[in-house]
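Okay, here's what each chain looks like letter by letter:
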Amino acid sequence: MNIVDLTIRNQLLSGIAILLIIVGGISAYRDMPRFEDPEFTIRVAQIYTAYPGASPEEVAEEVSEPLERAIQELQEVDEIISTSSDGLSELQVEIKFEFSKNKEDLQIVWTKLRNKISDAQSSLPPGTQTSVVYDDFGDVYGMYYFITGAGYSPAELRQYAKELQRELLQVEGIAKVILAGEQSEAIFVEVSRETAASLGVNLQAVYSALSQQNAVVSAGNVLVGDQRIVIDPSGDIDSVDAIRNLLVSTSNDGRVIYLSDIARVWRGYQTPPNSIFLSNGEPAIALGIAGVSGSNISKIGAAITDKLAESESRRPL
């Protein structure tokens, strides 16, 4: 008996089977992951280590080689490419396929790599900055938004973008939300060497006074009766005026010299910016959203739209 005869003799069961297949197909189509760009696994990590002031030869001998030896202890490593330049060591590490067939296995390898790099930091020379490992090149940002605001300063746009980033991370299915193009604020101090020299101010003392501000250190504690009270000194610098009024020296005739006497202090933005985004010719902050592995980006898009509407409804006019 072939399948045609079986279908004709059992029409009811055949109809039920066809109906189940149709329903299952529709359900699978609605719930299947959707990406404009497919997910892919990149088995390469990059490790950057800054060694300011060192020549390429010094970087290679004192930074790149110790890190290479530590990484070579991992059996998962397939190839290491090293590039040493003025003040910077760059290592590119490729992992063997048999140890990283999926993202879960690859994350385990990256954890082992980070541990090796962390253990090797003690063998690096003084002045070397902490190594930074980049291994998330495979993230696919399926949705991008641009935040603009006529009449708003870059600092206000950045604050709004930060708040929006925190809210979007609460949406189910979102793995990562990144910001790009935001301008960070900074306080600039332009010291006049001529004025400082005429007043007898040591510039090294000025730099030391600035570096010690807002440092979090233990001030001890004191026993009062049967209670021990922790001492938390105040006086943090939190404004441009506070920096201007910073005491930097005392002259021989007893005159108190403040930073504003020898320097110009102002608030601005870090220059040059790392990246600049424009939307319809207006400065913008880019917001990229990546979903978790296997997520349905269409459903995430609908949830993001609802979250944005909810955020706007709570924001004061």
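Preceding this paragraph is the structure being described.
First, a word on what this report is: a plain description of the structure on this page. What you see is a predicted model; the values in this text were computed from it and never measured. (Residues numbered from 1 in each chain as written. Predicted model: local features only at pLDDT ≥ 70, side-chain atom pairs only at ≥ 80, totals over all residues. Heavy atoms only, no water.)

A few words now on the side chain of Ser100. Its location among the elements puts Ser100 in the loop between β3 (88-95) and α4 (103-120). Engagement of the side chain of Ser100 in a polar contact is seen with the backbone oxygen of Lys96, the distance being 2.9 Å. Aside from chain neighbours lying at most four places away, what touches Ser100 is Arg43, Ile95, Asp105 and Leu106. (Helix = DSSP H or I, 4+ residues; strand = E, 2+ residues; numbered from the N terminus. Polar contact = N/O pair within 3.5 Å; in protein donor to acceptor, adjacent residues only side chain to side chain. Contact = heavy atoms within 4.5 Å.)

What follows is about the nonpolar core. One finds Ile47, Leu67, Ile71, Ile95, Leu113 and Ile117 to be the most contacted residues of the largest nonpolar core, which totals 22 residues. Residue assignment for this core shows that the elements contributing at least two residues are β1 (44-50), α3 (56-71), β3 and α4. Top element by residues in this core is α4. It accounts for six residues. In this structure Ile71 touches Ile47, Val77, Ile80, Leu91, Val93, Leu113 and Ile117, once residues within four positions along its chain are discounted. (Core = buried A, V, L, I, M, F, W, Y, C linked by side-chain atoms within 4.5 Å. Buried < 20%, exposed > 50% of the residue type's maximum accessible area, 1.4 Å probe, protein only.)

A word on α3. The largest bend in α3 comes to about 35 degrees, at Ser64, with the proline Pro66 one to four residues further on. Residues of α3 that are buried include every one of Val59, Val63, Ser64, Pro66, Leu67, Ala70 and Ile71, and no others. Close packing links the buried residues of α3 with β1, β2 (77-85), β3 and α4. (Bend = angle between axes of the 7 residues up to and from the residue.)

For the structure shown, the criterion picks out five salt bridges. Linking Lys116 and Glu73 is a salt bridge whose minimum nitrogen-to-oxygen distance equals 2.6 Å. Placement of Lys116 in helix α4 and of Glu73 in the loop between α3 and β2 is noted, with a sequence separation of 43 residues between them. Since its relative accessible area comes to 24%, Lys116 is described here as partly exposed. Measuring nitrogen to oxygen at the nearest pair gives 2.5 Å for the salt bridge that ties Lys112 to Glu76. Residue Lys112 is found in helix α4, and its partner Glu76 is found in the loop between α3 and β2; the two are separated by 36 residues along the sequence. Residue class for Glu76 comes out buried when judged on its relative accessible area of 5%. (Salt bridge = Lys/Arg side-chain N within 4 Å of Asp/Glu carboxyl O.)

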